[in-house]
Amino acid sequence: MRIGELAGAVGVTTRTVRHYHHLGLLPEPERLPNGYRDYGLRHAVVLARIRRLTELGLGLSEVRDVLADDEGRDLAEVLAELDEDLARQEAAIRERRGRLRALLEQGRPAEGPVSPELARLFAGMEAFLESPMATKDREVLALIETAAAPEERERLAAVLAGAFGEPGAVERAREVYALVDADRDDPRVDDAARALVACLPDGLVPDEGVDEGHGFIRALYADLAPAQAEAVRRALRTHARGRR
C-alpha cells in the first residue's frame, strides 16, 4: 500500500502517518525501488490501534507504552489511569458548572465574573453606584480578589462586607467621591482621609503599611483624581501608624 492508501484505510491523514513515523510509533516500511514506502497489513493494524487508543484519550507517550512489547506498561494499567484522570476531569467540570450557575444567578456585573461573596458585596453597594469612582472601586476589588490566594478570598469578602455594612459607610465614601474634581491640597482631603480610616477594617491593610513604590500602588494612585489619591494615601499611612 502507498501512504495515501494506508491513511484512507484507517481513516487518518497522511500527515498523521508521517508524524507517527517521526515519533517512532509506527515502524517505517521498506521502500520500493522507486523510493515509495510499501506498507503492509501489519502497518494498518498498528495504525488502527494507535487511532483507537488516542480516541480513548491516551497521550502519544502513553500509546508508546502500550505498543511496546516487553518494557511498556500493561494496557489495563494505562486504561485504569486514564479512567481516574477522566473522573478528576468530571469532578472539575461539575465544580465549574456550579460556579457558572452561581454567576448566572448574579446577573452580569460590569466587572465580569466574580465570586458569589464579592457579588453579594457589590449588590450591597447599590447606594454608591451613582458615582463613577464606585465603578473603579468595584473593578479594583475584583482585581484584588482575582490576585488573592483562594483561601484568602472568602476572608477578604467578609472583611470588605463588614466595612461597607458599617453605619455611615455610604456617607464616608461620598466624601471621597466628592473629590473627583478637587486639587490634592483641597481642605476636604483631610476630612476624606479620616472618613476612610474610620471604615478601613483590620486585616485589609498590612501592619507595616503599603509599599507606595510598588507598581500596583502607583498605578492605583495614577488612576484616581489627585485629591482622591492623596486622601487614600493619607488614610493608608494613618491606618498603618495606628496598627503599630
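So, here is what we can say about the structure in this document. For clarity, every value in this text was computed on a predicted model and none was experimentally measured.

So, the overall build of the protein
- A count of helices and strands for the protein gives 12 helices and 0 strands.
- If you list the helices and strands of the protein from N to C, you get α-α-α-α-α-α-α-α-α-α-α-α.
- Taking all 244 residues of the protein together, the buried fraction comes to 33%.
- Sequence-distant contacts in the protein: of pairs separated by 6 or more residues, those separated by 24 or more amount to 57%.
- Carbon together with sulfur atoms contributes 52% to the accessible area of the protein, which is approximately 15,300 Å² in total.

Regarding helix H4 (residues 60-67)
- Those residues of H4 that fall on the buried side of the exposure criterion are Glu62, Val63 and Val66. Take H4 and look down its axis: the buried residues cluster within an arc of 105 degrees, on one side only.

What to know about a nonpolar patch on the surface
- There is a patch of nonpolar side chains on the surface, built from Leu56, Leu75 and Leu79 and spanning about 220 Å² of accessible area.
- Among the secondary structure elements, Leu79 is positioned in helix H5 (residues 75-106).
- Given the relative accessible area of 31%, Leu79 is considered partly exposed.

Here's the deal with the pattern of salt bridges
- Summed over all chains, the structure comprises 7 salt bridges.
- When the shortest N-O distance is used, the salt bridge between Arg194 and Asp191 registers 2.4 Å. Of this pair, Arg194 and Asp191 both sit in helix H10 (residues 188-199), 3 residues apart, roughly one helical turn.
- With a relative accessible area of 53%, Arg194 lands in the exposed category.
- Of the charged contacts in the structure, one is a salt bridge between Arg233 and Glu230, with a shortest N-O distance of 2.7 Å. Note that Arg233 and Glu230 are positioned in helix H12 (residues 226-243) at a spacing of 3 residues, about one turn of the helix.

Notes on the environment of Glu5
- Tracing the sequence through the fold places Glu5 in helix H1 (residues 3-10).
- Taking the relative accessible area as the measure of exposure, Glu5 reaches 48% and is therefore partly exposed.
- Taking the C-alpha atoms as reference points, Glu5 and Ala44, separated by 39 residues in sequence, lie 9.8 Å from one another.

Rules of the game
- Residues numbered from 1 in each chain as written.
- Predicted model: local features only at pLDDT ≥ 70, side-chain atom pairs only at ≥ 80, totals over all residues.
- Heavy atoms only, no water.
- Helix = DSSP H or I, 4+ residues; strand = E, 2+ residues; numbered from the N terminus.
- Buried < 20%, exposed > 50% of the residue type's maximum accessible area, 1.4 Å probe, protein only.
- Contact = heavy atoms within 4.5 Å.
- Areas by Shrake-Rupley, 256 points an atom, 1.4 Å probe, with all protein chains shown as cover.
- Arc of directions from axis to C-beta.
- Patch = residues over 30% accessible without salt bridge, like charges linked within 9 Å, V, L, I, M, F, W, Y side chains within 5 Å.
- Salt bridge = Lys/Arg side-chain N within 4 Å of Asp/Glu carboxyl O.

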